[in-house]
Amino acid sequence: MGFIDYEVDGQVGIITINRPKALNALNSEVLKDLDATIDAVDLDAIRCLIITGAGEKSFVAGADIGEMSTLTKAEGEAFGKVGNDVFRKIETLPIPVIAAINGFALGGGCEISMSCDIRLCSENAVFGQPEVGLGITPGFGGTQRLARIVGPGKAKQLIYTARNIKAAEAYRIGLVNEVYPLEELMPQAKKMAKGIAKNAPIAVRACKKAINEGLEVGMDEAIVIEEKLFGSCFETEDQKYGMAFFLDKNKEKVKEP
Ligand code: CO8
């Protein structure tokens, strides 16, 4: 679909942002295509999604600076909302989303990766929020998600200095979960996605919901969110099968759902 490629590998969907001439920078067209691609993911069949960038140099080099350069205040807000709506859709998608970061993840590129559940990157990856160097703030959720992921102190340092960091530092501060040689990035992302897809899908979705929604409220309320989701698992075949399988000495007898 336009600037986005979508392929399915078993129960894993792979979205590739494909605008290599501009290092996969996000303009309005890319964001529109990305939104439509996410809407088209078959959530009955796909259990985990991977988002990556085309080529070997860049994941996403940010929002499109050319497109942003002439925006008015109202247009800037509207452009920010388009990105925020798509990224929030990724963040609240019922299934887990893995960012496979294959190079530059700057500005909007770092921001889209932070809307994913898990960030894996290649050794050549570079992260940063360079916006204040361009006279703007991060506009696709960077001030909020970076502070939540690495803590406000590190987030403020990175955002105020606009300094880019390499994969090893991103790993050290907890911005990425794992770092791989570039050629191993996609195989490892697929391996992790397939591993997630093997687990009970309703339980995996419930975990994502519990973590995301729990982080937005106080602990008393958060723990109730978990209790309710935990309780709802006891109405699933996966729970009945999973526990019966563990308990049964003759595993052949237990029928898989
Ligand atoms: N926007 C538009 N075009 C871009 C972008 C971008 N973000 N990044 C790279 N390109 C283009 C270049 O203009 C160049 O095009 P051309 O070949 O036509 O000249 C092509 O991609 C290749 O780039 P370079 O020649 O610059 O490649 P280098 O290897 O020399 O450098 C860098 C790679 C370091 C990634 C460099 O391209 C760069 O610094 N890019 C800009 C990175 C950046 O500042 N990103 C943040 C943008 S701001 C942002 O994302 C805010 C998000 C919130 C928006 C909210 C809106 C309201």
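Residues numbered from 1 in each chain as written. Predicted model: local features only at pLDDT ≥ 70, side-chain atom pairs only at ≥ 80, totals over all residues. Heavy atoms only, no water.

As annotated in an unreviewed UniProt entry, the chain carries the name short-chain-enoyl-CoA hydratase and is attributed to Anaerobutyricum hallii. Comment text from UniProt for the chain, heading Catalytic activity (unreviewed entry), reads "a short-chain (3S)-3-hydroxyacyl-CoA = a short-chain (2E)-enoyl-CoA + H2O". Word for word, the UniProt comment on the chain under Subunit (unreviewed entry) is "Homotetramer." (UniProt positions renumbered as here; feature names shortened; annotations may be inferred.)

(A) Inspection of the overall build of the chain at higher detail. Looking only at helices and strands, one finds eleven helices and ten strands in the chain. For 257 residues, the compact-globule estimate of 2.2 N^0.38 gives 18 Å, and the C-alpha radius of gyration of the chain, at 19 Å, lies within 12% of that figure. Summarising its shape, the C-alpha atoms of the chain cover approximately 65 × 40 × 35 Å along the three principal directions. Among the 257 residues that make up the chain, the fraction classed as buried is 42%. Excluding contacts between residues fewer than 6 apart, the proportion of contacts in the chain whose partners are at least 24 apart in sequence is 69%. When the accessible area of the chain is evaluated, it comes to approximately 13500 Å², of which 57% is carbon and sulfur surface. Seen as two clouds, the 30 positive and the 36 negative side-chain charges of the chain have centres 3 Å apart. (Helix = DSSP H or I, 4+ residues; strand = E, 2+ residues; numbered from the N terminus. Rg over C-alpha atoms; globule rule 2.2 N^0.38 Å. Buried < 20%, exposed > 50% of the residue type's maximum accessible area, 1.4 Å probe, protein only. Contact = heavy atoms within 4.5 Å. Areas by Shrake-Rupley, 256 points an atom, 1.4 Å probe, with all protein chains shown as cover. Lys, Arg positive; Asp, Glu negative; His and termini not counted. Charge placed at Lys NZ, Arg CZ, Asp CG, Glu CD.)

(B) Here's a closer look at the sheet that holds strand S9 (residues 165-166). The mixed open sheet is built from four strands, whose spatial order is S4-S6-S8-S9. Sheet topology places strand S4 (58-60) and S9 at the edges, where each strand pairs with a single neighbour. Inspection of the sheet shows strand S8 (residues 126-128) paired to S9 by two bridges, in the antiparallel sense. In the strand pairing of S9, Phe 127 is matched with Ile 165. (Pairing = 2+ DSSP bridges.)

(C) Structural context of the site of the ligand. Every one of the 24 residues lining the ligand counts as a neighbour, but Lys 57, Ala 61, Ala 63, Ile 65 and Gly 108 are closest to it. One of the backbone nitrogen or oxygen atoms of Ala 63 is found 2.7 Å away from an oxygen atom of the ligand. Here the ligand has 1100 Å² of accessible area as a free molecule, and 62% of this is covered by the chains. The set of elements that each furnish at least two residues to the shell around the ligand consists of helix H2 (65-68), helix H3 (73-91), strand S6 (104-106) and helix H4 (108-114). By residue class, the composition of the shell around the ligand is 13 nonpolar, six polar and five charged. (Near = heavy atom within 4 Å. Polar contact = N/O pair within 3.5 Å; in protein donor to acceptor, adjacent residues only side chain to side chain. Nonpolar A, V, L, I, M, F, W, Y, C, P; charged D, E, K, R; others polar.)

(D) Main features of the sheet that holds strand S2 (residues 12-17). With respect to topology, six strands assemble into an open sheet ordered S1-S2-S3-S5-S7-S10, the strand pairing being mixed. Sheet topology places strand S1 (4-9) and strand S10 (178-180) at the edges, where each strand pairs with a single neighbour. Going from strand to strand, the sheet's axes swing by 20° on average, the running direction of each strand aside. Pairing of S2 with strand S3 (residues 48-53), which is carried by six bridges, proceeds in the parallel orientation. Paired with Ile 15 across the two strands is Ile 51, which belongs to S3. (Axes fitted to C-alpha atoms, helices over the stretch in contact; angles between N-to-C directions.)

(E) View of the nonpolar core. Formed by 44 residues in total, the largest nonpolar core has its most connected members in Ile 101, Phe 127 and Leu 175. Those residues in contact with Ile 101, other than ones at most four positions away along the chain, are Phe 59, Ser 113, Arg 119, Leu 120, Cys 121, Ser 122, Ala 125, Phe 127, Val 176 and Leu 185. In this structure, Ile 14, Cys 48, Ile 50 and Val 204 belong to the second largest nonpolar core, which totals 14 residues. (Core = buried A, V, L, I, M, F, W, Y, C linked by side-chain atoms within 4.5 Å.)

(F) Molecular detail of the confidence of the model for the chain. Across the chain, the average pLDDT comes to 96, with 97% of residues at or above 70. Within the chain, strand S5 (residues 97-101) carries the highest mean pLDDT (99), whereas helix H11 (residues 237-247) carries the lowest (92). At the level of chain-chain contacts, confidence expressed as ipTM amounts to 0.98, with global pTM at 0.96. (pLDDT = per-residue confidence, 0-100.)

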